[in-house]
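Structure assessment
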Amino acid sequence: MFRHYGKTRTLRHNLRIASLLSFVAGIVSTAGFFSVHQLTTNVTGHFAFFIEEVFKLNFAQSGIFFLYIFSFFIGSFVSNLLIEIIARKNERYIYIVPTVIEIIILFLLGFYGEYLIENNPHFIAFSLLFAMGLQNSFVTTISNAVVRTTHLTGLFTDLGIDLSQLFFYKSKVRKQKLLSSIKLRITIISFFFLGGITGGMLYSKIGISTLMFAATTLVIGLIYDYTRFNIIKLARRLKNN
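Scope of this entry: the structure provided in the associated data block. Since this is a predicted model, take the numbers as computed values, not measurements.

Our next topic: the pattern of salt bridges. Summed over the entire model, instances satisfying the criterion amount to four salt bridges. Here lysine 56 makes a salt bridge to glutamate 52, at a shortest N to O gap of 3.4 Å. Judged by its relative accessible area of 52%, lysine 56 falls in the exposed class. In this structure glutamate 52 comes out as partly exposed when scored by relative accessible area, which is 36%. Salt-bridge contacts for arginine 185 lead to aspartate 158; the nearest nitrogen and oxygen are separated by 3.6 Å. In this pair, arginine 185 sits in helix H7 (residues 172–206) while aspartate 158 sits in helix H6 (residues 153–165), placing the two residues 27 residues apart along the sequence. Take arginine 185: its relative accessible area is 15%, and that puts it in the buried class. Look at the salt bridges and you will find they share partners, linking Asp158, Asp162 and Arg185 into a network.

The structure is reproduced here in structure tokens:
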């Protein structure tokens, strides 16, 4: 699910990566909000708060909200920059590297989170927004902009459009395409909610260390993808021999 892109990418690949990453985003969203009381998977709300503080002439606080927005942006920028650089050397690892960076960030925040909550809560928000920018960028790239996993506003909009179009498109091919799109969007929304619920339950028990569970989930996803890829490659080699 991390290795296929372009014409080799299928709905099954998108469903797998959407399930994994939206689940992780749901955990991050809940754990981030509970720990620092800020949105940590999208920047729409932060933009509104930024404008409000500017009009109040509270430039110090508006600067914080601007940095929230910028953190998500720079995460997206760095992710695609790495993808383009690595693609020129070894295409096999172009999407694994941003994922590994996200894993490291989540592990470190989970480990040092209690200290940061007391001494520098904004750093937690900056880091999580950067990590979600990373994630949203590479999953958008790998899926040709079909999958986005860090926020739900656009997903509910697209789902509403797709469902309404079922009343008008009767051809089998068009209807099948719509049903595939609906299935993907419902999967992302469902796993985001599942991640949010899981994150809330874990946070009540282990606090911000919940982020380490999110990181472990990504590690398992990478191991699964690597193992499955090598099994398929070995099976093809044996078949050709």
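A word on the packing of aromatic side chains. The final tally for this structure, using the stated rule, is 10 aromatic pairs. Measuring from ring centre to ring centre gives 5.6 Å for phenylalanine 34 and tyrosine 203, while their planes differ by 70°; the resulting arrangement is edge-to-face. Here the residue phenylalanine 34 occupies a position in helix H1 (residues 11–36), and tyrosine 203 occupies one in helix H7, the gap between them amounting to 169 residues. One aromatic cluster is present, built from ring pairs that chain together Phe47, Phe50, Phe66, Phe70, Phe73 and Phe77.

Although it is not a glycine, histidine 37 sits at a positive phi angle of roughly 55°. Inspection of the secondary structure assignment puts histidine 37 in the loop between H1 and helix H2 (44–55). The phi angle at leucine 57 is positive, at roughly 65°, despite the residue not being glycine. Residue classification places leucine 57 among the exposed positions, given a relative accessible area of 60%.

In a pair of packed helices, the angle between the axes and the distance between the axes together describe the arrangement. For the pair helix H3 (residues 59–87) and helix H5 (residues 121–142), interaxial distance at closest approach is 7 Å and the crossing angle is 40°. Crossing hand, H3 versus H5: right-handed. Contacts between H3 and H5 pair Ile64, Leu67, Tyr68, Ser71, Phe72, Ile74, Gly75, Ser76, Val78, Ser79, Asn80 and Ile83 from the former with His122, Ala125, Phe126, Leu129, Phe130, Met132, Gly133, Leu134, Asn136, Ser137, Phe138 and Thr141 from the latter. Of the residues contributing to the contact of H3 with H5, the split by class is 14 nonpolar, 10 polar and no charged.

Right, let's get into the environment of leucine 152. Within the secondary structure layout, leucine 152 lies in the loop between H5 and H6. Under the relative-accessibility criterion, leucine 152 is labelled buried at 14%. As a C-alpha pair, leucine 152 and isoleucine 86 span 66 residues in sequence and 30 Å in three-dimensional space. Apart from residues lying up to four places away in sequence, leucine 152 is in contact with Ile189, Phe192 and Phe193.

Bringing the nonpolar core into the picture now. The biggest cluster of nonpolar side chains holds 55 residues, and the ones touching the most others in it are Leu106 and Leu211. Residue assignment for this core shows that the elements contributing at least two residues are H1, H3, helix H4 (96–119), H5, H6, H7 and helix H8 (210–240). For this core, the leading source of residues is H1, giving 12 residues. Sequence-distant contacts of leucine 106, that is, excluding residues within four places in its chain, are made with Val24, Val28, Leu128, Leu211, Met212, Ala214, Ala215 and Leu218.

Moving on, we come to a nonpolar patch on the surface. Residues Phe66, Leu67, Phe70, Phe73, Phe77, Leu81 and Ile85 make up a contiguous nonpolar surface patch of about 650 Å² in total accessible area. Residue classification places phenylalanine 66 among the partly exposed residues on the basis of a relative accessible area of 43%.

Turning our attention to H2. Between its first and last C-alpha, H2 extends 18 Å over 12 residues, near the 16 Å set by a 1.5 Å rise per residue. For H2, the secondary structure elements touched by its buried residues are H3 and H5. Phi for leucine 57, located one or two positions after H2, is positive at around 65°.

Calculation criteria
Residues numbered from 1 in each chain as written. Predicted model: local features only at pLDDT ≥ 70, side-chain atom pairs only at ≥ 80, totals over all residues. Heavy atoms only, no water. Salt bridge = Lys/Arg side-chain N within 4 Å of Asp/Glu carboxyl O. Buried < 20%, exposed > 50% of the residue type's maximum accessible area, 1.4 Å probe, protein only. Helix = DSSP H or I, 4+ residues; strand = E, 2+ residues; numbered from the N terminus. Phe/Tyr/Trp six-rings, centres within 6.5 Å; stacked < 30°, edge-to-face > 60°. Axes fitted to C-alpha atoms, helices over the stretch in contact; angles between N-to-C directions. Left-handed = near helix turned anticlockwise from the far one by under 90°. Contact = heavy atoms within 4.5 Å. Nonpolar A, V, L, I, M, F, W, Y, C, P; charged D, E, K, R; others polar. Core = buried A, V, L, I, M, F, W, Y, C linked by side-chain atoms within 4.5 Å. Patch = residues over 30% accessible without salt bridge, like charges linked within 9 Å, V, L, I, M, F, W, Y side chains within 5 Å. Areas by Shrake-Rupley, 256 points an atom, 1.4 Å probe, with all protein chains shown as cover. Expected span 1.5 Å × (residues − 1).

These values are about where atoms sit, not about what they do.
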